[in-house]
Structure formats: C-alpha cells, structure tokens
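Overview (structure and organization)
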Amino acid sequence: MAGTIEQKLASLGITLPQPAAPVANYVGFVRTGNLLFVSGQVCFDAAGKLIAKGKLGAGVTVEQGNAAARGCGINLLAQVKSAIGDLDKVVRVVRLGGFVNSAPDFLEGPKVLNGASDLMVEVFGDKGRHSRTTVGVAALPADASVEVEGLFEVA
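Residues numbered from 1 in each chain as written. Predicted model: local features only at pLDDT ≥ 70, side-chain atom pairs only at ≥ 80, totals over all residues. Heavy atoms only, no water.

Another aspect to go through is the pairing of strand E1 (residues 29-32). In terms of strand pairing, E1 meets strand E2 (residues 35-42) through four bridges, oriented antiparallel. Counted as the bridge partner of Arg31 is Leu36 from E2. The antiparallel hairpin formed by E1 and E2 contains two residues in its connecting segment, where Gly33 sits at a positive phi of about 60°. (Pairing = 2+ DSSP bridges. Helix = DSSP H or I, 4+ residues; strand = E, 2+ residues; numbered from the N terminus.)

The nonpolar side chains of a soluble globular protein tend to be buried, and buried together. If you look at the biggest cluster of nonpolar residues, it comprises 39 residues, and the most contacted ones within it are Val80, Met120, Phe124, Val146, Val148 and Phe152. Secondary-structure elements contributing two or more residues to this core are helix H1 (4-11), E2, helix H2 (62-84), strand E3 (90-101), helix H3 (109-124) and strand E5 (146-154). Top element by residues in this core is H2. It accounts for eight residues. Setting aside residues up to four positions removed in sequence, Val146 forms contacts with Gln41, Val42, Cys43, Gly65, Ala68, Ala69, Cys72, Phe99, Val112, Leu113 and Leu140. (Core = buried A, V, L, I, M, F, W, Y, C linked by side-chain atoms within 4.5 Å. Buried < 20%, exposed > 50% of the residue type's maximum accessible area, 1.4 Å probe, protein only. Contact = heavy atoms within 4.5 Å.)

Below, the discussion takes up the packing of H2 against H3. For the pair H2 and H3, the least separation of the axes is 6 Å and the interaxial angle reads 45°. Here H2 lies oblique to H3, going by the angle between them. Considering only the axes of H2 and H3, their crossing is right-handed. Contact residues: H2 offers Val62, Gly65, Asn66, Ala69, Arg70, Gly73, Ile74, Leu76 and Leu77, while H3 offers Lys111, Val112, Leu113, Asn114, Gly115, Ala116, Leu119, Met120, Glu122, Val123 and Phe124. Tallied by class, residues from the contact of H2 with H3 come to 12 nonpolar, five polar and three charged. (Axes fitted to C-alpha atoms, helices over the stretch in contact; angles between N-to-C directions. Parallel < 35°, antiparallel > 145°, perpendicular 65-115°, else oblique. Left-handed = near helix turned anticlockwise from the far one by under 90°. Nonpolar A, V, L, I, M, F, W, Y, C, P; charged D, E, K, R; others polar.)

Counting through the fold element by element, Gln41 comes out in strand E2. At a separation of 2.9 Å, a polar atom in the side chain of Gln41 contacts the main-chain carbonyl oxygen of Ser39. With residues up to four places along the chain from it excluded, the contact list for Gln41 reads Ala20, Cys72, Asn75, Leu76, Gln79, Val146, Glu147 and Val148. (Polar contact = N/O pair within 3.5 Å; in protein donor to acceptor, adjacent residues only side chain to side chain.)

We now examine the pattern of salt bridges. Enumeration according to the criterion identifies five salt bridges in this entry. Here Glu149 makes a salt bridge to Arg95, at a shortest N to O gap of 3.4 Å. A residue pair is termed long-range when its members are at least 10 positions apart, and Glu149 in strand E5 and Arg95 in strand E3 qualify at 54 residues. (Salt bridge = Lys/Arg side-chain N within 4 Å of Asp/Glu carboxyl O.)

The next point concerns the side chain of Gln79. Relative to the elements of secondary structure, Gln79 occurs in helix H2. Residue classification places Gln79 among the buried positions, given a relative accessible area of 3%. Look past the residues within four positions of Gln79 in its chain and what remains in contact with it is Pro19, Ala20, Gly28, Phe29, Val38 and Gln41.

Okay, structure coming up:
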C-alpha cells in the first residue's frame, strides 16, 4: 500500500520517474545521519526530454521556467525515494538551491524557483516549507533552463 505522501503525489497526477543516473564523477545523493543531500536535478520530464531549454528572459518565459522548476522538484523526490524507500520518512524539506539559466538582465529567478518550492509545500504541507537560494547562471547542462538541488531531513 502506498504511503501518505505517495497518495498525495497520485492525487496531484504525479508519477515519480526513474531517478537520473549521474553524468560525471558524483552520486545522486549522500546521506549523513538524518540529512539527505540530493545533487542538482535538471528539468527532464519522465521521457527524458527537457521541460524548458534555453535562457529565461531570452526565449523562455517565467511560466515555462516555473514548470521546469516543478519538474526538477519531481526529480528531486524521485532521488529521495530512491535513497530512503518511503517518502513518508521525510521529516522536513530543509533547503532548495536553484540555478536559473538566465539572460544577463533577467531578474525573475525567484518566481521561476517557486515551481519547485510550491511543489514541496503541496506534497509535504508545513514540513515542505524550506529555506532557499536562487542563482542566475550563464549556462546549465544540456542547456536546461533550471536545475534544483535539495537538502532533506529524514527519519
């Protein structure tokens, strides 16, 4: 039987994809004690296609970026499930770090990252509220529009 969090995901129409394998010399997550650090997840959908490609403020809209950040959040959750087996073991979403592939004058990065932040609150309620950093960058792997990393407290 699926846990409470997986039932919540199903009610939102979300199916977690197979977690992406690392593409360089790193691992998808590291657990130390009750902290789970999840490596940055780009905005691939379940079929392996980028949800948004290119620069925010130069062809990619805030709405497209927001959807891409939500996709990154889904990929984070897939890594968390792979790490701990049961999303009900998440005690708290501690922090998200977001990277937005941005044109030099793009200033709406926080609105983009709300896609991932809103997802965590939708899924986990108050324990999904987290600290966050949003950084505009010149480029991301595969020309992805967004990448998000996460820190979770787990039981």
